[in-house]
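Listed below, chain by chain, are the residues.
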Amino acid sequence: MNSSKLSQIVPQAASVLGQPDQFKMVTRLSSMSADKSASKIQAAFRNHQARLKLKKQAAWQIHEKLEYSSEQTQAKLKDMFERLLKSSDLLSPSVAKSLQKAGLPVEEKELLRLTNPDNIPVEHTYQGPRIEGPITRKTFVDLIEAFQHGQVLHEKYVCQILHQARAILKTLPNFNHIDLSNLHHIYIIGDLHGQLADLLHIFNANGLPATDNSYIFNGDFVDRGRNSVEVLLLLLAALIVFPSSVFLNRGNHEDIMVTVRYGFQNEVNQKYPARKTPLLDLFKDIFSWLPIYSYVDAGKPKIMIVHGGISDRVNLKKINTLTRNRYVSIEVQPESKSGGKRLTPDEDSEYRQIQDLFWSDPDPHNRQGCRKNDARKMACFFGPDITEQFLNKYNLSMLIRSHQVKQEGYEFTHDRKVLTVFSASNYCGGSNWGAVVRWDYNEQEPWLIQYKTESVEMEKLSFNKQVTLFEDPVYQSLVEKIMTNKSSLQKEFEKADKNKTKHLPLTVWSEIMATVLQIDLPWLTLRSKLVQEDTQGILYNTMFEGYILDNTKLQMSNPGIMEDLYMWKDMLMLLFNLIDYNHSGFISRNEFSDVVKLLLRGENGTGDVNEAYIEELSSAMDLDKNGKIDINEFLESFRIVNVKDAGKSNQQTNLPKKKVQNTNF
């Protein structure tokens, strides 16, 4: 494909290329005349820019904290799942079997039988791309063009790509060994998260993969973005066509337990409803065969590239020899080779090392040593001393990792010995830059490339509009977090309000918000957006007055059940999808009751459960009263509704209620 044709595939994007200490940064606002008559305008402009930068930094802090909060929920899901497995003797056989299946490898013969492309017919109505014969560079280019136009590849050809890529992946060692003396340079790509526009921009700006243009993709290809299937298929097709110059590392989202919650599994269900179960099993198996990390011999520099990070217990000799496809899910510990329910000490050590490689972060406070990762509630924070020791031990020059969104798309830490690169721009509605690293043979430092793919040019907007665009999705997420924890917050507010004044001091309100929501945000700065105050302090109940949890399909006598369901939505979605092993969209009422009992045991810490409560909850979930529960339909109907705005809207236009939070679950 020539450059002019490829440029039509991607949106316009800003980019920069330069040495790390000599960035020619993208001009984000027009330059102004330096003559004296413009000096006042320039000063005012700089003041606006300074205020805008502070507001963006504050909004970015919220964005990062909420992102970590989401990962904390995932850690809670992991803990709950482990408790469920240990309590398997209390579950009905169908539930226990379904839960255990998530952490087990797929049976080989059955997988091949159900996903054999030769047995999958192509309907005469199919108008998308076709793969006839071997997968070639032309096939790869045809797929790019088809995906750019929104076409969905037929499952026959999906299986064809997946099986060919799987055959290659199974032959690879646990790490990619990349020698730049032959390849000359390599592009290192961070998280893409299903953002097809970013991947296409990367190819447009830096060239398609080729024998003389190598790439390494450092995990998290899927989830959150709407084109995870297409992104993954393009990467696997590139691996098939150029196996000696395209390298893939596994990320923490290449995990069937994580994809249940963050979108990839739903995307597969929607795009391939007739063959979703065997396809998900095939994706699950392919994830387990992805290499764990990459070692790059760049001449003088030696570089390790891994998705998450390291720890003081990571032993590369052990990592290089373990059976990586045992870890079908990093969320669920594998079965012990001894046949027991618990892992042996050596197996447990190996499992925790795997978690560290996929989930760890550099210590945000630059503290020494390793400590529990309080932000993610999983793996660890590693300090600059751990990095120094690790690099020295393995004769490495730098650690390149991804796993964390960065406002500039990249970040150096630990005396420039750790480089984080994140390639999904405007991630989750934010305004971050995406970045790509290029490393040339015998160069001591990398080149860094920044870009954004977006339809709106931020530089041309007013100052207020820029901030509003960035803050809105973050603010909405924060409102959802508050409403999910409404009862707990009210309980703590009323407990602290000893004189029943409906007021709290600013600092007390701030401390309760941080403690209950478990997010360390600048609450005092944010209070004007969340709650009213007067001379006596914070009017804490005003934080909830404008919003309600709304579900028009649910009517029940116990109003607390609505909040419980909303609070448990992530857990319910995960467990539902695991129990619904054939992805029919339904589970039985009895199976649902089983899960709720265990949820309540986990919440209460006792074996006591209220059978009447469970009966009402199960009855409410059984919307059609047919003994089956369609949890997707039920949870997708949840909304946080702004009552005040809805009232104004109804008075003025007689339209239905305005919904300020339209997140589907």
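The name recorded for the protein in an unreviewed UniProt entry is Serine/threonine-protein phosphatase with EF-hands, from Rotaria sordida. Check the Cofactor (unreviewed entry) section of the UniProt entry for the protein; it says "Mn(2+)". Regarding the protein, the relevant UniProt record gives this comment under Sequence similarities (unreviewed entry): "Belongs to the PPP phosphatase family."

Caption draft 1: Broad picture of the sheet that holds strand S2 (residues 175-179). The mixed open sheet is built from 6 strands, whose spatial order is S2-S6-S7-S11-S13-S12. The open sheet has two edge strands, S2 and strand S12 (410-413), and neither has a second partner. Going from strand to strand, the sheet's axes swing by 20° on average, the running direction of each strand aside.

Caption draft 2: Highlighting the side chain of Ser245. Residue placement: Ser245 occurs in the loop between helix H9 (228-241) and strand S5 (246-249). For Ser245, a relative accessible area of 0% gives the class buried. A polar contact is formed between the side chain of Ser245 and the backbone oxygen of Ala210, at a distance of 2.9 Å. In contact with Ser245, other than residues within four places in its own chain, are Leu183, Ala210, Thr211, Ser214 and Tyr215.

Caption draft 3: Structural context of the side chain of Asp385. With respect to the helices and strands, Asp385 occurs in helix H15 (residues 384-393). Nearest to the buried, unbridged Asp385 among oppositely charged side chains is Arg371, at 7.7 Å. Apart from residues lying up to four places away in sequence, Asp385 is in contact with Arg367, Gln368 and Gly369.

Caption draft 4: Quick peek at the pattern of salt bridges. Evaluated as defined, the whole model comprises 18 salt bridges. Of the charged contacts in the structure, one is a salt bridge between Arg313 and Asp356, with a shortest N-O distance of 2.6 Å. Remark: Asp356 occurs in helix H14 (residues 345-359) and Arg313 occurs in the loop between strand S7 (302-306) and helix H13 (316-321); sequence separation between them is 43 residues. Judged by its relative accessible area of 37%, Arg313 falls in the partly exposed class. With relative accessibility at 0%, the residue Asp356 sits in the buried group.

Caption draft 5: Broad picture of the sheet that holds strand S9 (residues 370-372). Read across the open sheet, the 3 strands follow the order S8-S10-S9; overall the sheet is mixed. Every other strand in the sheet has two partners, leaving strand S8 (361-362) and S9 as the edge strands with one partner each. Looking at chain direction, S9 and strand S10 (residues 380-382) are connected through 3 bridges and run antiparallel. Bridging across to S10, Lys372 finds its partner in Cys380.

Conventions and cut-offs
- Each chain has its residues counted from 1, following the order in which its sequence is written.
- Only residues with pLDDT of at least 70 are given local features in this predicted model, and only at 80 or more are side-chain atom pairs given and counted; all residues enter the totals for whole chains, interfaces and linings.
- Values reported for side chains reflect all heavy atoms of the structure, with hydrogen atoms and water molecules removed beforehand.
- UniProt positions are given in the numbering used here, feature names are shortened, and annotations may be inferred rather than shown by experiment.
- Two strands pair if DSSP finds at least two bridges between them.
- To qualify as a helix, a DSSP run of H or I must reach at least 4 residues; to qualify as a strand, a run of E must reach at least 2; elements of each kind are numbered from the N terminus.
- Here, axes are lines fitted to C-alpha atoms. For helices the fit covers the stretch in contact, and angles between N-to-C directions go from 0 to 180 degrees.
- Here's how the labels work: a residue is buried when its accessible area is under 20% of the maximum for its type, exposed when over 50%, partly exposed in between, all with a 1.4 Å probe on protein chains only.
- Polar contact is defined as a pair of N or O atoms within 3.5 Å, subject to the rule that within protein one atom must be able to donate a hydrogen and the other to accept it, and that residues adjacent in sequence are counted only when both atoms are side-chain atoms.
- Contacts between residues were defined by any pair of non-hydrogen atoms, one from each residue, lying within 4.5 Å.
- In this tally Asp and Glu are treated as negative and Lys and Arg as positive; neither His nor the chain ends contributes.
- When a carboxyl oxygen of Asp or Glu lies within 4 Å of a side-chain nitrogen of Lys or Arg, that pair is called a salt bridge.

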